[in-house]
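# Architecture and fold: a report
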2 protein chains.
Amino acid sequence: LPGQMAAISHSTGTSSRVVRFGRHALVDQATNARLALCEKTVKGRFDGIVPTLKEISALQHEPDFPARAQAVALQQLGHELPAEILEKAWVSGLDLKALFVYSKFQALKLSAVQFSEDLKRQAESAQDAQNFFLDCGFHAVDISACSDGRLKGLMRYILRLPVTSLTRRTAYAGTLFDVESDVQHWVATELSRFREGVPSTSDSGTRYLKVAVYHTSSSQPCKQGCAAHGSNEHQALEAALERLYQFRQAIENAFCCGASTDLLLIGVDTDTDAIKVHVPDAKGDLSAYRFVDNAQVYADTLDLSADRARLAVYDAVRQASQASGWGVGQGEPHEGMRRLITNLLINNLSQIEYVGELYGGRYPDIGHAERYVIVGDGIEEVQMRNISYYAHLNTVEEGAADLDVGIKIFKGLNVSRGLPIPVAIHYRYDLRVPGSRDRAVAKAQRVQSAIMARYPELCATGMLACHLSVQDLPLGSPVENVEGDC
Amino acid sequence: LPGQMAAISHSTGTSSRVVRFGRHALVDQATNARLALCEKTVKGRFDGIVPTLKEISALQHEPDFPARAQAVALQQLGHELPAEILEKAWVSGLDLKALFVYSKFQALKLSAVQFSEDLKRQAESAQDAQNFFLDCGFHAVDISACSDGRLKGLMRYILRLPVTSLTRRTAYAGTLFDVESDVQHWVATELSRFREGVPSTSDSGTRYLKVAVYHTSSSQPCKQGCAAHGSNEHQALEAALERLYQFRQAIENAFCCGASTDLLLIGVDTDTDAIKVHVPDAKGDLSAYRFVDNAQVYADTLDLSADRARLAVYDAVRQASQASGWGVGQGEPHEGMRRLITNLLINNLSQIEYVGELYGGRYPDIGHAERYVIVGDGIEEVQMRNISYYAHLNTVEEGAADLDVGIKIFKGLNVSRGLPIPVAIHYRYDLRVPGSRDRAVAKAQRVQSAIMARYPELCATGMLACHLSVQDLPLGSPVENVEGDC
Ligand SMILES: [Zn+2]
Ligand SMILES: [Zn+2]
Ligand SMILES: [Zn+2]
Ligand SMILES: [Zn+2]
């Protein structure tokens, strides 16, 4: 629907404004079309499960039921169903919960394959992105967001960043990332620079960039914001900012001079996918009140030529640096940081228009609509809004708070409709480390046991089903199933 | 009892032999005397608890009971008891379990202070040890032993190694150490060499030494060996050896050339504290069948002068390298490794004589006699045989197997006598890392909750009591109590 006009009320603080969507000169139309097709295929695969199972359920007393059910499943879902479940339906009734869970994990597996193939086709743009980061002076981009499923498309959709060997993404409820584990990642990154000069030599002056991403909902800020912070945007922002400063301080205190890290804070409006980028000052410090609001940038630059629009974005970053009052900072960030921010804003313009064209500027599912829960390392390849609730955890003991939030969401989404909660437990191993795969499998099994112990009623009644898988470290490696279901 | 003859049967494989103890020229008599005093004081502090509480219990219906009880406690245990427990004894009976647990943790705290002061006095010998390691070509000595309490004196007594900034010690049931976490430690060590040239510069050719320590019992090998391996010495040895190779392979595979590590395997006879050191060959490979048996070395060198004894030890190492048959290797290890092994053997001669003099060559408590369980990071300062059962864990979920072994041991030691199990939960924080202390406290509290959830009956009946503490990273930092008991 090119050139469409959508009138939506977009609240920024107390005011609301009408946003117009069109064909912004900086928007990547080809990628938008490709992403729309991908979203349609992947979500269609998940969302076709219930209607298909309803259709199959209606057939269960027909002659030749197993064969007919398989034909319907194959045609509509793209895979067959477990024969033994279909064959015993005549005597014990059709186990629809089991079929539901099976189909969810099949859909997940097919999506992972699709995303991995996509990734291989994007090897070139990943290389470009890597070079761009290095050009901007960053040898690592470590992004922590909230576990909330509405941020699951952060890299691929919202920020349009291809997965590269320089980027790392983790998710924790409320963006409360693990400082100790991030410091370990920093240490490993630095060692690789010293030992191997990869991705930049230790004397090249490049920096480690740590990014934290919080979120809010512009239409229902007090209800559909970050659950971990009671939908209080300010609290979500301050918590993320505090962790960023803790991370920087930890590195500065524990290592000698030259251990410089850069920080960046980004807010996402999960209704529209528009971002706010908080612009660091010349000292690298951030402020809740110094940012570029990209929804505003989109509106202000919609009618400009590509060149003038690009300049306007750059200017918006410069103007933010000159904020006075609460947002006052000490000068502009370094040139590489300015270029990076400008680039992120321009990338996000495509996503703003994507949501504008496909959904009239505001997602119909402004709340939770995740398709499954995933715990562990996450399948980094699968990136899409509301596709899953992702809790990064090594043990349920440490990740209980994150997991509880996910289970609560799915009690509303699934259990209330009589459908089980599909929980994918996924760990990556490193084939180069002897015994690593075995230990990853054992870890997945341990986490499964801990989940069963934490939610005994859900498991006993078949309302929570786990699926275990492991995957080798390199991106796009096949997802390998592990035996054992709860 | 210098010059005493002790006839004990010492089984090595199928034969047994009579061992003579005397005054070996290489034994450090002064240190032996100091360690004996330390052992007496510390163990006395723990072992005086039950008799003292019995005495206090007998007084509970006397007039002026609280004051009399405090006087007895102060005199015999060196600390007072909680007044409120004594004062309500007349109405609800004396809560001896609570007093027992309180006294245990007081004894632990006083011991930690004593060990820390001792450490400060040994700063010089720590510096000597550090220089010796570097001279031998090692910039890190990372030792993993079994959690078994009989190895809790490994560094200070059995190997006579002062705690230095180069040494690291962890403990896991069955010596099944965590390869991933050790690789992280290797990475951090390497980075410090590259960035700061500490403790050696990256081009100095020094190596990271990983040591694994298994154990057996010469008098009851099938009963008092390593519980995690069903008291099968061979299995304990092979498991430790497998982890060592996994560690080396992990580093070699994941990092470029020059990532060289050295391996060492040591067996301890927990009856006598005599060690077997498995001698690496020129390629760094180990064999179950190529080792120096230090009990034999002690016997063979007892009558030699210091110089000749030293030469004999060096020769024993050389001879081991020339083993044929099952133990055949490819040449001798490098000179630094030979010096290190010789030194460890000589150090251990003092401990063999220590056990000879004090206990006639064989501990009276050849089995478990731990005084408390400690989980978490362990109080590295407190090093003494059978003082505690130590399980290194970050979560009960991961460390459940190690913890279960400890609880099982203490069901036999304490619960069977009506006494509760004292569990110290201890974590170290890094004052240089913002929020680190708060997170360590939260971690201790999380682990306490998990322990309560895992052993609900023991906790509900007061038969398991936790004590939480944290400590800053530098050795000798004070142990800080955390509120909250289970
Ligand atoms: Zn959130
Ligand atoms: Zn606000
Ligand atoms: Zn053991
Ligand atoms: Zn054997």
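Residues numbered from 1 in each chain as written. Chains lettered and ligands numbered in written order. Predicted model: local features only at pLDDT ≥ 70, side-chain atom pairs only at ≥ 80, totals over all residues. Heavy atoms only, no water.

As recorded in an unreviewed UniProt entry, chain A goes by Carboxysome shell carbonic anhydrase and comes from Thermithiobacillus plumbiphilus. As its UniProt record puts it under Subcellular location (unreviewed entry), chain A is described as follows: "Carboxysome". (UniProt positions renumbered as here; feature names shortened; annotations may be inferred.)

### A closer look at the coordination of the zinc ion (ligand 3)
When a metal holds four donors in a tetrahedron, each ideal angle between them is 109.5 degrees; when it holds six in an octahedron, the ideal angles are 90 or 180 degrees. All names here are of chain B. Looking at the zinc ion (ligand 3), the protein donor atoms are Cys146 (SG), His215 (NE2) and Cys226 (SG), and they sit 2.0 to 2.2 Å from it. Each donor residue of the zinc ion (ligand 3) belongs to the same chain, with the gaps between them written as C-x68-H-x10-C. Placement of the pair is His215 in strand E5 (residues 207–216) and Cys226 in the loop between E5 and helix H10 (233–254), with a sequence separation of 11 residues. (Donors = N, O, S within 2.8 Å, 3.2 Å for Na, K, Ca; no water. Helix = DSSP H or I, 4+ residues; strand = E, 2+ residues; numbered from the N terminus.)

### Section: the sheet that holds strand E13 (residues 479–482) of chain B
All names here are of chain B. The strand order across the open sheet built from 5 strands is E10-E9-E11-E12-E13, with neighbouring strands paired in mixed fashion. Each end of this open sheet is capped by a strand with a single partner; those strands are strand E10 (388–392) and E13. The mean angle between the axes of side-by-side strands here comes to 30°, regardless of whether they run parallel or antiparallel. Pairing of strand E9 (residues 372–376) with strand E11 (residues 421–429), which is carried by 4 bridges, proceeds in the parallel orientation. Within E11, the residue paired with Ile374 across the bridge is Ala424. (Pairing = 2+ DSSP bridges. Axes fitted to C-alpha atoms, helices over the stretch in contact; angles between N-to-C directions.)

### Quick look at the relation of the copies chain B and chain A
For the pair chain B and chain A, the best superposition has an RMSD of 0.0 Å and corresponds to a rotation of 180° with a translation of 0.0 Å parallel to the axis. Taken together, the turn and the small shift mark the pair as related by a two-fold rotation axis. It is Leu191 of chain B whose C-alpha, among those of chain B, lies nearest the rotation axis, at 2.6 Å. Take the interface residues of chain B: 100% of them recur as interface residues in chain A, which is what a same-surface contact looks like. (Least-squares fit on C-alpha atoms with pLDDT ≥ 70 in both. Contact = heavy atoms within 4.5 Å.)

### A word on the coordination of the zinc ion (ligand 1)
Residues and elements named next belong to chain A. For the zinc ion (ligand 1), the protein coordination sphere consists of Cys146 (SG), His215 (NE2) and Cys226 (SG), at 2.1 to 2.2 Å. Counting along the primary sequence, the residues that act as donors to the zinc ion (ligand 1) give the motif C-x68-H-x10-C. Placement of the pair is Cys146 in the loop between strand E3 (138–145) and helix H8 (154–158) and His215 in strand E5 (residues 207–216), with a sequence separation of 69 residues. Of the residues examined, His215 reaches a relative accessible area of 1% and is grouped as buried. (Buried < 20%, exposed > 50% of the residue type's maximum accessible area, 1.4 Å probe, protein only.)

### Some thoughts on the pairing of strand E4 (residues 167–171) of chain A
Regular strands have side chains that alternate between both faces of the sheet. Residues and elements named next belong to chain A. Buried residues dominate E4, accounting for 5 of its 5 residues. Burial along E4 is two-sided: the residues Thr167, Arg169 and Ala171 and Arg168 and Thr170 are all buried. Sheet analysis places E3 next to E4, joined by 5 bridges and oriented parallel. For Ala145, the partnering residue across the bridge sits in E4 and is Ala171.

### Thoughts on the interface of chain B and chain A
In this assembly, 34 residues from chain B lie in contact with 34 residues from chain A. Between chain B and chain A, the buried area comes to about 3,000 Å², and carbon and sulfur atoms account for 57% of it. When residues of chain B are sorted by the area they lose upon contact with chain A, Leu191, Arg195 and Glu397 of chain B head the list and together hold 24% of the total. Remark: the boundary between chain B and chain A carries 6 salt bridges. With a closest N to O distance of 2.9 Å, Glu180 of chain B and Arg439 of chain A form a salt bridge. If you look at where chain B meets chain A, you find 12 residue pairs in polar contact (both at pLDDT 80 or more). Contributing elements (two or more residues each) for the side of chain B that touches chain A: helix H9 (179–196), H10, helix H14 (396–413) and helix H15 (436–454) of chain B. In terms of residue count, H9 of chain B provides more of the side of chain B that touches chain A than any other element does, 11 residues in total. (Buried area = accessible area lost by both parts, 1.4 Å probe. Salt bridge = Lys/Arg side-chain N within 4 Å of Asp/Glu carboxyl O. Polar contact = N/O pair within 3.5 Å; in protein donor to acceptor, adjacent residues only side chain to side chain.)

### Some points on helix H7 (residues 123–135) of chain B
All names here are of chain B. Over its 13 residues, H7 runs 18 Å from end to end, which matches the ideal 18 Å to within 8%, given 1.5 Å per residue. The inward-facing, buried residues of H7 abut strand E3 (138–145), strand E4 (167–171) and helix H13 (335–359). Gly137, located one to two residues past H7, shows a positive phi value of around 95°. (Expected span 1.5 Å × (residues − 1).)

### Describing the packing of helix H1 (residues 29–47) of chain B against helix H6 (residues 96–121) of chain B
Between two packed helices, what matters for the description is the angle formed by their axes and the separation of those axes. Residue and element names in this part refer to chain B. It is at 8 Å that the axes of H1 and H6 come closest, and there the two elements cross at 160°. By the angle between their axes, H1 is roughly antiparallel relative to H6. The handedness of the crossing between H1 and H6 is right-handed. Across the interface between the two elements, Arg34, Cys38, Thr41, Val42, Arg45 and Phe46 of H1 pack against Lys104, Ala107, Leu108, Leu110, Ser111, Gln114, Phe115 and Asp118 of H6. (Parallel < 35°, antiparallel > 145°, perpendicular 65-115°, else oblique. Left-handed = near helix turned anticlockwise from the far one by under 90°.)

### So, the side chain of Ser388 of chain A
Tracing the sequence through the fold places Ser388 of chain A in strand E10 (residues 388–392). Classification of Ser388 of chain A as buried rests on a relative accessible area of 0%.

### Points about the pattern of salt bridges
Residue and element names in this part refer to chain A. Under the defined criterion, the tally for this structure stands at 52 salt bridges over all chains. The salt bridge involving Arg432 is made with Asp430; its shortest N-O contact spans 2.9 Å. Residue class for Arg432 comes out partly exposed when judged on its relative accessible area of 38%. For Asp430, a relative accessible area of 14% translates into the label buried. Each of Arg34, Asp118, Arg121 and Arg156 takes part in a single network of salt bridges with overlapping partners.

### Quick word on the sheet that holds E10 of chain A
Residue and element names in this part refer to chain A. An order of E10-E9-E11-E12-E13 is seen for the 5 strands of this open sheet, with the pairing classed as mixed. Looking at the sheet topology across the chains shown, the edges are occupied by E10 and strand E13 (479–482). Across the sheet, the mean angle separating the axes of adjacent strands is 30° when strand polarity is ignored. Judged from the 5 bridges that link them, strand E9 (residues 372–376) and E10 form a sheet pairing that is parallel. Across the sheet, Tyr372 pairs through a bridge with Ser388, a residue of E10. Here helix H14 (residues 396–413) sits on the sheet in contact with E9, E10, strand E11 (421–429) and strand E12 (464–472), set at roughly 165° to E10.

### A word on the nonpolar core
In this structure, Leu264 and Leu340 of chain A together with Leu264 and Leu340 of chain B are the most contacted members of the largest nonpolar core, which totals 146 residues. If near-sequence neighbours (up to four positions away) are discounted, Leu340 of chain B is found in contact with Phe132, Phe133, Cys136, Phe138, Leu209 and Leu264 of chain B. (Core = buried A, V, L, I, M, F, W, Y, C linked by side-chain atoms within 4.5 Å.)

### Some details on the environment of Val179 of chain B
Relative to the helices and strands, Val179 of chain B resides in helix H9. Considering only alpha carbons, one finds Val179 of chain B and Ser204 of chain B, 25 residues apart in sequence, at a separation of 25 Å. Apart from the residues lying within four places of it in its own chain, the contact partners of Val179 of chain B are Val433 and Arg439 of chain A together with Arg243, Gln246, Phe247 and Ala250 of chain B.

### Here we look at the side chain of Thr342 of chain A
Residue and element names in this part refer to chain A. Its location among the elements puts Thr342 in helix H13 (residues 335–359). Given the relative accessible area of 5%, Thr342 is considered buried. Contact partners of Thr342, with chain neighbours within four places excluded, come to Val313, Tyr314 and Val317.

### A look at the pairing of strand E7 (residues 274–278) of chain A
Residue and element names in this part refer to chain A. The element E7 is largely enclosed, with a buried count of 4 among its 5 residues. Two elements, strand E6 (residues 261–269) and E7, share 5 bridges in a ladder whose sense is antiparallel. Residue pairing in the sheet places Val268 in a bridge with Ile275 of E7. Between E6 and E7, which pair antiparallel in sequence order, lie 4 residues; one of them, Asp273, sits at a positive phi of approximately 65°. Note: E7 against strand E8 (residues 291–293), 3 bridges, orientation antiparallel. Within the sheet, the bridge partner assigned to Val277 lies in E8 and is Val292.

### Side note on the environment of Arg454 of chain A
Residues and elements named next belong to chain A. Along the chain, the position of Arg454 falls in helix H15 (residues 436–454). Along the primary structure Arg454 and Ala400 are separated by 54 residues, whereas in three dimensions their C-alpha atoms are 8.7 Å apart. Among all residues touching Arg454, those that are not within four sequence positions of it are Val396, Ala400 and Asp404.

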